[in-house]
Amino acid sequence: MKKYILIISGLLSLFLGILGIFLPVLPTTPFLLLTAYCFLKSNKDLYDKLLAHKVLGPYITNFTKYKTISKRHKAYILSTLWLTIGLSIYLVSILWVRLLLLAIAIGVSIHILSFKSKV
């Protein structure tokens, strides 16, 4: 039973991780790492397929083994983050919400930039 719960959890987190690639509000990396963990503990074949995926596999491997994010991914993450936060700040008229959004964007940017870059 535990195995099936982990597989379902892994599939759900995979869906959210892929969705996070396109929606800047959802973090991609934590969901993909959770997917890898769930698959590793429940189904080695799913884990191997995940790591063999041409896009997601290297992303997960680089992060888990080397704690790196490629420069291209950093640029995409930061530009999407600042575009959406900037639009939100523009659309919101409440000052404290604007300041909160700005603080979140700065915090996330610092966090992303703190990881080593891989070409």
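Residues numbered from 1 in each chain as written. Predicted model: local features only at pLDDT ≥ 70, side-chain atom pairs only at ≥ 80, totals over all residues. Heavy atoms only, no water.

**Q** So what about helix α5 (residues 71–91)? Which residues, and what values?
**A** Given a rise of 1.5 Å per residue, 21 residues ought to cover 30 Å, and the 30 Å separating the end C-alpha atoms of α5 matches this to within 8%. Considered for burial, the residues of α5 that qualify are K74, L78, T80, L81 and I85. One side of α5 carries all its buried residues, which in axial view fall inside an arc of 165°. In α5, the exposed positions angled more than 90 degrees off the buried face are occupied by R72, L83, Y90 and L91. On its buried face, α5 is in contact with β1 (68–70), α6 (95–113) and β2 (116–118). (Helix = DSSP H or I, 4+ residues; strand = E, 2+ residues; numbered from the N terminus. Expected span 1.5 Å × (residues − 1). Buried < 20%, exposed > 50% of the residue type's maximum accessible area, 1.4 Å probe, protein only. Arc of directions from axis to C-beta. Contact = heavy atoms within 4.5 Å.)

**Q** Can you lay out the nonpolar core for me, pointing to particular residues and giving the numbers?
**A** In terms of nonpolar packing, the biggest core is built from nine residues, these being L14, L32, A36, F39, Y47, L50, L56, Y59 and I60. Those elements that provide at least two residues to this core are α2 (28–42), α3 (44–52) and α4 (56–66). With residues near it in sequence (within four places) discarded, A36 still touches Y47, L50 and I60. Formed by seven residues, the second largest nonpolar core is a distinct cluster that contains L81, I85, A105 and I112. (Core = buried A, V, L, I, M, F, W, Y, C linked by side-chain atoms within 4.5 Å.)

**Q** Talk me through the packing of helix α1 (residues 2–22) against α2; I want residue IDs and the actual numbers.
**A** The interhelical angle for the contact between α1 and α2, taken along N-to-C directions, is 155°, at an axis separation of 8 Å. The angle between α1 and α2 falls in the class roughly antiparallel. For the element pair α1 and α2, the recorded crossing hand is left-handed. Here α1 contributes K3, L6, I7, S9, G10, L11, S13, L14, L16, G17, G20 and I21 to the contact with α2, which in turn contributes T28, F31, L32, L34, T35, C38, F39, K41 and S42. Its residues assigned to classes, the contact of α1 with α2 comprises eleven nonpolar, eight polar and two charged. (Axes fitted to C-alpha atoms, helices over the stretch in contact; angles between N-to-C directions. Parallel < 35°, antiparallel > 145°, perpendicular 65-115°, else oblique. Left-handed = near helix turned anticlockwise from the far one by under 90°. Nonpolar A, V, L, I, M, F, W, Y, C, P; charged D, E, K, R; others polar.)

**Q** Go over the packing of aromatic side chains with me, naming the residues and quoting the values.
**A** Taken as a whole and assessed by the stated rule, the structure comprises one aromatic pair. Consider the rings of F63 and F115, whose centres lie 5.1 Å apart with planes at 55°: the pair is tilted. Taken together, the residues F63 in helix α4 and F115 in the loop between α6 and β2 connect sequence positions 52 residues apart. Note on accessibility: F63 and F115 belong to one class, buried. (Phe/Tyr/Trp six-rings, centres within 6.5 Å; stacked < 30°, edge-to-face > 60°.)

**Q** Can you explain the environment of N43? Please cite residues and give values.
**A** Here N43 is to be found in the loop between α2 and α3. What makes N43 partly exposed here is its relative accessible area of 25%. In sequence terms N43 and L83 are 40 residues apart; their C-alpha atoms lie 39 Å from each other. Only 3.0 Å separates the side chain of N43 from the backbone nitrogen of D45, close enough to count as a polar contact. (Polar contact = N/O pair within 3.5 Å; in protein donor to acceptor, adjacent residues only side chain to side chain.)

**Q** Break down the environment of G10 for me, with residues and values.
**A** Take G10: it is sitting in helix α1. The spacing of G10 and K41 is 31 residues in sequence and 9.9 Å in space, taken between C-alpha atoms. Discounting chain neighbours no more than four positions away, the residues touching G10 are T35, C38 and F39.

**Q** Can you break down a nonpolar patch on the surface residue by residue, with the values?
**A** A grouping of W82, L95, L99, L102, I106 and I110 is seen on the molecular surface, where their side chains present a nonpolar patch of about 570 Å² in accessible area. If one sorts the elements of the nonpolar patch by residue count, α6 sits on top with five residues. With respect to the helices and strands, the residue L102 is situated in helix α6. The class of L102 is partly exposed, set by a relative accessible area of 34%. (Patch = residues over 30% accessible without salt bridge, like charges linked within 9 Å, V, L, I, M, F, W, Y side chains within 5 Å. Areas by Shrake-Rupley, 256 points an atom, 1.4 Å probe, with all protein chains shown as cover. Salt bridge = Lys/Arg side-chain N within 4 Å of Asp/Glu carboxyl O.)

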